[in-house]
2 protein chains.
Amino acid sequence: MYSFASISYFSSLPPSSLAIGRHVLPYPVGEHGIARYTMLHGPRQSRSRHPHHVISVQWRDLLSPHANTSLGRPIRVNINIDQDLKPCVEDERTIKLPKSYAMNGGDGNYSYAQNSSYQRGAVDAAKELIKEGVASKLDLKLLSSSSTINPFRIADFGCSTGPNTLLAMQIILEVVEQKFKSEKPTTQLIPEFQVFFSDQVLNDFNTLFQSLPPKRRYHAAGVAGSFYDRLFPTASLHFAFSSSSLSWISDLPEEILDSKSPAWNKGRIHYTGGRKEVYEAYTAQFAKDLETFLNARAEELVVGGLMALLIPTVPNVMNSSETTTESEIDLLGSCLMDMAKMVRNVEKL
Amino acid sequence: MYSFASISYFSSLPPSSLAIGRHVLPYPVGEHGIARYTMLHGPRQSRSRHPHHVISVQWRDLLSPHANTSLGRPIRVNINIDQDLKPCVEDERTIKLPKSYAMNGGDGNYSYAQNSSYQRGAVDAAKELIKEGVASKLDLKLLSSSSTINPFRIADFGCSTGPNTLLAMQIILEVVEQKFKSEKPTTQLIPEFQVFFSDQVLNDFNTLFQSLPPKRRYHAAGVAGSFYDRLFPTASLHFAFSSSSLSWISDLPEEILDSKSPAWNKGRIHYTGGRKEVYEAYTAQFAKDLETFLNARAEELVVGGLMALLIPTVPNVMNSSETTTESEIDLLGSCLMDMAKMVRNVEKL
């Protein structure tokens, strides 16, 4: 059995609130929003149906006073497996783990490049939504009045090594190009494009750069660093994109590691099936992280810029026991715990 | 014995000609140019004395008509050792070599990061020259009239993995920042800086990104590709820099591989001690490459932008037999030829 939910959402921002699909979040649905909701049981039926959100945010709204205070309670999030190993290694010696993690590099059997067709599906599914969003919300006249729109700068936050980021950037470029062709905001028909591929410092940019199409229609650049920090100069981007990345929170909530806290997660690597307090601790961390992300991007985007985010989600309408996510992650967590214990035992010898 | 020549040069561009030190090149010396010339024999006496040129070019001059036609005969150049191996593998099967090469990656014993203190010396030596050049030639008022100067964008062409590029970028940033502080071209005292580290696609950007100072005062980005191609959008850079890189020509001159040509180099990997025709073939290739480089940068720099180039050179006043370069490279070439022959012999078995 394979069951998952597909929720795609693409909305504009009401003046001072962020609208995200009501099926998942307690946020109000924006009046111009379009909600799509599909739930499947049984074998995966279509590659184009995936549990992702697409949120379009026009930053002239978000930059208004109090905009960021209305984020409310966030969607449920994936967990940071590596960080969750911490409770296992709390013996005499501290095992140093890097602060940031990236997908497996290279293009071998276990690389992200060879194991990300699921994530590619999200990009495929979002193509039409991005097209609609750019057509209806990207205001080239506003853009060109507030900044230069040549070159048109696009950034992918959490690009990994490809090939998905290359597909996503190509889609955005074509859609924006079409917009320029139809609206002709300047005498020059089509601007040059500069595409920034951004991911953690430990991301394998070498593989990414080597997989760039030789005859691409954009100037490419890589930017290394956490998207929870500032990565670009103020007002220097026209389009920000992120797919299958914002589910990675910046750090483990401290309380889930504290055996005296009601939110203690007993070394488990996920919140599903855990106590309400565990869920709330993850939720609070995600809310904090998402706000940090949005604040950083608000600085980096030009006035009138556009952002499209694809975030893996679990719908509230499903009990956690109805999803395969829980059992899959519990199995994975159990393996990781065993491995961590083995390392600890070996070190004690 | 250790002998080498130190030549540093920093000149402005006369209206339609490129001035480079007359000690090395048949170009006229710019009227504002300052030539420094030192020749040492014996053990290296000072890390700050190296055979490098620093050329400052204000692109409003170079962009004028016929500017690129006056490049004249170029300096003598280093060779591309890998490319020069081609004559050794001209047997029945073609051994595919990558089109581009980069310095050794990582930070191990044989990495560029651990074996580039000589190249660092060039950057150290150029510091004062860059300072003088920025002080006297970077026209912030002109710059701010033709483009936005915030963020101020700097690019290093041929950055390799560090640490030299980090030092160079820091020097340029500080010098430009000082200029802003003293001239105050806008109401905002200091702009944000965006620094682009550029090198071949096969360069080890992973090592470079991991060695970026965490508390840097600039937004960093990596750009992969040959600097003999366009790498940036039109008019998007304020300062272009290159050090110890332009000595790498884009390809071997064909005639030196042709046994029927008077320029045939008999499989040797350098022009020194070879026929006049060999030297001229390398010279012509360098002239072509440098013009390609300058044309690409002319498109990428904003009007009023500045460029500083440090190029390893051999002075004309020395006979090739007076330099150690020849004997060192002949020894290296002999080893490489032996290795290539061994590979060929093994493959024939």
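Rules behind the numbers
- Residues numbered from 1 in each chain as written.
- Chains lettered and ligands numbered in written order.
- Predicted model: local features only at pLDDT ≥ 70, side-chain atom pairs only at ≥ 80, totals over all residues.
- Heavy atoms only, no water.
- Helix = DSSP H or I, 4+ residues; strand = E, 2+ residues; numbered from the N terminus.
- Buried < 20%, exposed > 50% of the residue type's maximum accessible area, 1.4 Å probe, protein only.
- Contact = heavy atoms within 4.5 Å.
- Areas by Shrake-Rupley, 256 points an atom, 1.4 Å probe, with all protein chains shown as cover.
- Core = buried A, V, L, I, M, F, W, Y, C linked by side-chain atoms within 4.5 Å.
- Expected span 1.5 Å × (residues − 1).
- Salt bridge = Lys/Arg side-chain N within 4 Å of Asp/Glu carboxyl O.
- Least-squares fit on C-alpha atoms with pLDDT ≥ 70 in both.

As recorded in an unreviewed UniProt entry, chain A goes by the name S-adenosylmethionine-dependent methyltransferase, listed as coming from Ilex paraguariensis.

K.L.:
Go over the overall build of chain A, please, and point to the residues and values.
P.N.:
A count of helices and strands for chain A gives seven helices and eight strands. Here chain A holds 349 residues, and the buried ones make up 52% of them. Taking all contacts inside chain A whose residues are at least 6 apart in sequence as the whole, residues at least 24 apart take part in 80%. Here chain A has roughly 15,400 Å² of accessible surface; of this, 53% comes from carbon and sulfur atoms.

K.L.:
Can you break down the nonpolar core residue by residue, with the values?
P.N.:
Core analysis: the biggest nonpolar cluster contains 75 residues, and Phe197(A), Phe239(A), Phe197(B) and Phe239(B) have the highest contact counts within it. With ten residues, helix α4 (residues 164–183) of chain B is the single largest residue contributor to this core. The next biggest cluster of nonpolar side chains, apart from the first, holds 58 residues, and it includes Val223(A), Tyr228(B), Tyr282(B) and Leu290(B).

K.L.:
Could you give an account of α4(B), naming the residues involved and the relevant values?
P.N.:
Owing to its 3.6 residues per turn, the α-helix brings residues three or four apart onto one side. All names here are of chain B. Along its 20 residues, α4 runs 29 Å from first to last C-alpha, staying within 8% of the 28 Å computed at 1.5 Å per residue. Counting buried positions over the 20 residues of α4 gives 14, a clear majority of the element. Directly beyond the C-terminal end of α4, a positive phi value near 45 degrees is found at Lys-184.

K.L.:
Outline the pattern of salt bridges, supporting the account with residue identities and numerical values.
P.N.:
Using the criterion set out here, one finds 14 salt bridges over all chains in the structure. Between Lys179(A) and Glu183(A) there is a salt bridge, and its shortest N-O distance comes to 3.0 Å. With a gap of four residues between them, Lys179(A) and Glu183(A) both fall in helix α4 (residues 164–183), about one helical turn apart. Lys179(A) sits in the buried class, given a relative accessible area of 6%. Glu183(A) gets classed as partly exposed once you look at its relative accessible area, which sits at 32%. If you follow the salt bridges from partner to partner, you end up with Glu192(A), Arg230(B), Arg297(B) and Glu300(B) in one network.

K.L.:
Kindly report on the relation of the copies chain A and chain B, identifying the contributing residues and their values.
P.N.:
Mapping chain A onto chain B calls for a screw motion: a turn of 180 degrees about the axis and a shift of 0.0 Å along it, with 0.1 Å RMSD after fitting. On the angle and the small slide along the axis, the relation comes out as a two-fold axis. Taking C-alpha positions as the reference, the residue of chain A nearest the rotation axis is Gly222(A), at 2.4 Å. Interface overlap between copies is the fraction of interface residues in one copy that are interface residues in the other; for chain A against chain B it reaches 100%, indicating a shared surface.

K.L.:
Mind laying out the side chain of Ser160(A), listing which residues take part and the relevant values?
P.N.:
In this structure, Ser160(A) sits in the loop between β4 (152–157) and α4. Aside from chain neighbours lying at most four places away, what touches Ser160(A) is Met103(A), Tyr112(A), Asp199(A), Asn203(A) and Leu208(A).

K.L.:
Which residues make up unusual backbone geometry, and what values go with them?
P.N.:
Here the amide bond leading from Gly162(A) into Pro163(A) is cis, since omega sits at 0 degrees, within 30 degrees of zero. For the peptide bond that leads from Asn150(B) to Pro151(B), omega is 5 degrees, which places it in the cis range. Position of Pro151(B) relative to the elements: it lies in the loop between α3 (140–146) and β4 (152–157). Phi angles above zero are rare outside glycine, and Ala235(A) is one such case at about 50 degrees. Assignment of secondary structure puts Ala235(A) in the loop between β6 (219–224) and β7 (237–243). One non-glycine residue, Ser244(A), lies in the positive phi region at around 55 degrees. Relative to the elements of secondary structure, Ser244(A) occurs in the loop between β7 and α6 (276–300). Residue classification places Ser244(A) among the buried positions, given a relative accessible area of 12%.

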